[in-house]
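# Per-entry structural report
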Amino acid sequence: MQGNNLKYFTNGLITENPVLRLVLGTCPTLAVTTAAVNGIGMGVAATAVLVCSNLAISLLRNIIPDKVRIPAFITIIAGFVSVVQMLVKAFTPSIDKSLGIFLPLIVVNCIILARAEMFASKNSVLPSVLDGLGMGIGFTATLTLMGSIRELLGAGTLFGFEVTKPFIEPMTVFLLPAGGFFVFGILIALSNAVAKRKGKKVVEHLGCANCPARSSCKNADKASCEEIKKEEVKVNA
Amino acid sequence: MPSLTSITAILLAGILTNNMVLSKFLGICPFLGVSKKVNTAFSMSIAVTLVMVIASAVTWPIYNYLLYPNFTYLETIVFILVIAAIVQLIEIFLKKYIKPLYEALGIYLPLITTNCAVLGITMLNIQNELTYIESLFNALAAGLGFMLSMVLFAGIRKKLEAADVPEFLKGLPITLIAAALVALSFSGFSGIGG
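A short tour of the structure in this document, coming up. (Residues numbered from 1 in each chain as written. Chains lettered and ligands numbered in written order. Predicted model: local features only at pLDDT ≥ 70, side-chain atom pairs only at ≥ 80, totals over all residues. Heavy atoms only, no water.)

### Things to note about the interface of chain B and chain A
- Facing 41 residues of chain B, the contacting portion of chain A comprises 44 residues.
- Note on chain B versus chain A: buried area summed over both sides is about 3600 Å², and carbon and sulfur give 80% of it.
- In terms of surface lost to chain A, no three residues of chain B exceed Phe 25, Thr 114 and Leu 172 of chain B, which account for 18% of the buried area on that side.
- At the surface where chain B touches chain A, the tally comes to 1 salt bridge. (Contact = heavy atoms within 4.5 Å. Buried area = accessible area lost by both parts, 1.4 Å probe. Salt bridge = Lys/Arg side-chain N within 4 Å of Asp/Glu carboxyl O.)

Shown next, in the form of structure tokens:
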């Protein structure tokens, strides 16, 4: 039992890293990572929401009727997001300013709804909380890594301190949207290379497998969903 | 009544300079997930545009007449519920009255509730203190900008499939790098329309 719980926690860190392996929550990943500090801020805010919503949803999982579970999940998540939003606004206004609209947009962050749908609604409280915590820390670490890379290359600083700025001219393009897409692409390529070496599945495309709305849309992107189902059957068999 | 110039500026900004996907990073999931074929990209963006304009039309009065000034902290929770309800209503309405449109767009509608572009644009309307008419045009411009980048990118991905890509970049990485180049070319528009 102890070992199992540990597995729920470590799952989100590397093997199922939400950003690099599940490719969830791409919008905030690309948008806020212009500086390392933003990555930490976004990550911690999302982790807080994720842990709380996983806790609440796993407690309510037998009460919420199946048909209205998605709206119910969204309402629960939105409540926690509002709380986090007010806390961030009150205690770290500078983070609130740099995250801007992406702080309230945690509501529609795929990671949170996907974990609610795939994990918390099927598991008891402790594993759900640990899963939320692991996923959240995985998300925070990846965002901070990406923020550090972009800050270092784009501004020559790290967490606001000058590092390479005096020797190397900073390449501002890494702070532009284009740099976000580029760094993210390279990180996915690296994580794929590592996964391949370890014999794990490589992230080929963004399919339906991780889409939180998957259960409510039986027809969307039918072809790729069926492909994924086949793959799942193969894995299970 | 906002002037023609301010409307033009909003349209230009939404479509080109402040493109939803490529400069604001809203709606990345459909941008990467549904942009494999030009047809599906087009239908998806029409559905998104429709929902964005209707959602803006409904959330603006709710915020300005009901929530402001005492209950602004309820913005997030009220907006997401309103959007979810609107999407459901549109689905039911289309299914009952405009069958062909439902068959073309219906499958994308459930995906739109959790699309950050829709919630994002309704919140940006409030944040930027736009008037009612301006926020409608802002939503329309954002939708058209979304459509432009989706359709452009779907065309590029078609070419990418036939391209000879280094082994380690195959799949998602090269798609993202292509997106980076498209975003870079869009940053050339900055400065148009003020």
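Read on, since the account is not over.
### Structural notes on the environment of Thr 76 of chain B
- Structurally, Thr 76 of chain B is set in helix 4 (residues 75-97).
- Sequence separation between Thr 76 of chain B and Leu 119 of chain B is 43 residues; the distance between their C-alpha atoms is 8.5 Å.
- If sequence neighbours within four positions are ignored, Thr 76 of chain B has contacts with Val 81, Ser 82, Gln 85, Pro 104 and Val 107 of chain A together with Met 123 of chain B. (Helix = DSSP H or I, 4+ residues; strand = E, 2+ residues; numbered from the N terminus.)

### A closer look at the environment of Phe 189 of chain B
Residue and element names in this part refer to chain B.
- With respect to the element layout, Phe 189 can be found in the segment after helix 9 (172-186).
- For Phe 189, a relative accessible area of 27% translates into the label partly exposed.
- Taking the C-alpha atoms as reference, Phe 189 lies 36 Å from Leu 74; in sequence the two are 115 residues apart.
- When neighbours within four sequence positions are excluded, Phe 189 is seen to be in contact with Leu 16 and Thr 17. (Buried < 20%, exposed > 50% of the residue type's maximum accessible area, 1.4 Å probe, protein only.)

### Here's the deal with a nonpolar patch on the surface
- Together, Leu 152, Leu 153, Val 163, Met 171, Val 173 and Leu 176 of chain A together with Leu 181 and Leu 184 of chain B give the surface a local cluster of nonpolar side chains, amounting to about 590 Å² of exposed area.
- Those elements that provide at least two residues to the nonpolar patch are helix 7 (125-155) of chain A together with helix 9 of chain B.
- Position of Met 171 of chain A among the secondary structure elements: in the loop between strand 2 (161-162) and helix 8 (177-197). (Patch = residues over 30% accessible without salt bridge, like charges linked within 9 Å, V, L, I, M, F, W, Y side chains within 5 Å. Areas by Shrake-Rupley, 256 points an atom, 1.4 Å probe, with all protein chains shown as cover.)

### What about helix 4 (residues 69-91) of chain A?
- Compared with the 33 Å implied by 1.5 Å per residue over 23 residues, the 33 Å span of helix 4 of chain A between its first and last C-alpha is a close match.
- Every buried residue belonging to helix 4 of chain A is among Arg 69, Ile 70, Phe 73, Ile 74, Ile 76, Ile 77, Ala 78, Val 81, Ser 82, Val 84, Gln 85 and Val 88 of chain A, and all of these are buried.
- At its buried positions, helix 4 of chain A is contacted by helix 3 (36-60), helix 5 (93-99) and helix 6 (110-120) of chain A together with helix 4 and helix 6 (109-113) of chain B. (Expected span 1.5 Å × (residues − 1).)

### Quick notes on unusual backbone geometry
- Put simply, Tyr 68 of chain B and Pro 69 of chain B share a cis peptide bond, and its omega is 0°.
- Inspection of the secondary structure assignment puts Pro 69 of chain B in the loop between helix 3 (38-67) and helix 4.
- The backbone phi angle of Val 23 of chain A is positive, close to 50°, even though this residue is not glycine.
- The topology assignment puts Val 23 of chain A in the loop between helix 1 (2-11) and helix 2 (26-32).
- Given the relative accessible area of 5%, Val 23 of chain A is considered buried.

### A look at the packing of aromatic side chains
- What the rule picks out here adds up to 11 aromatic pairs over all chains.
- Taken together, a centroid distance of 6.3 Å and an interplanar angle of 50° make the contact between Phe 181 of chain A and Phe 31 of chain B tilted. Note that Phe 181 of chain A is positioned in helix 8 and Phe 31 of chain B in helix 2 (residues 28-33), a pairing that runs across two chains.
- Looking at Phe 181 of chain A, the relative accessible area reads 0%, which means it is buried.
- Judged by centre distance (5.3 Å) and plane angle (55°), the rings of Trp 60 of chain B and Tyr 132 of chain B are tilted. Within this pair, whereas Trp 60 of chain B is found in helix 3, its partner Tyr 132 of chain B is found in helix 8 (residues 132-162), the two being separated by 72 residues in sequence.
- Judged by its relative accessible area of 14%, Trp 60 of chain B falls in the buried class.
- Put simply, the rings of Phe 181 of chain A together with Phe 25, Phe 31 and Phe 153 of chain B touch in pairs and so form one group of aromatic residues. (Phe/Tyr/Trp six-rings, centres within 6.5 Å; stacked < 30°, edge-to-face > 60°.)

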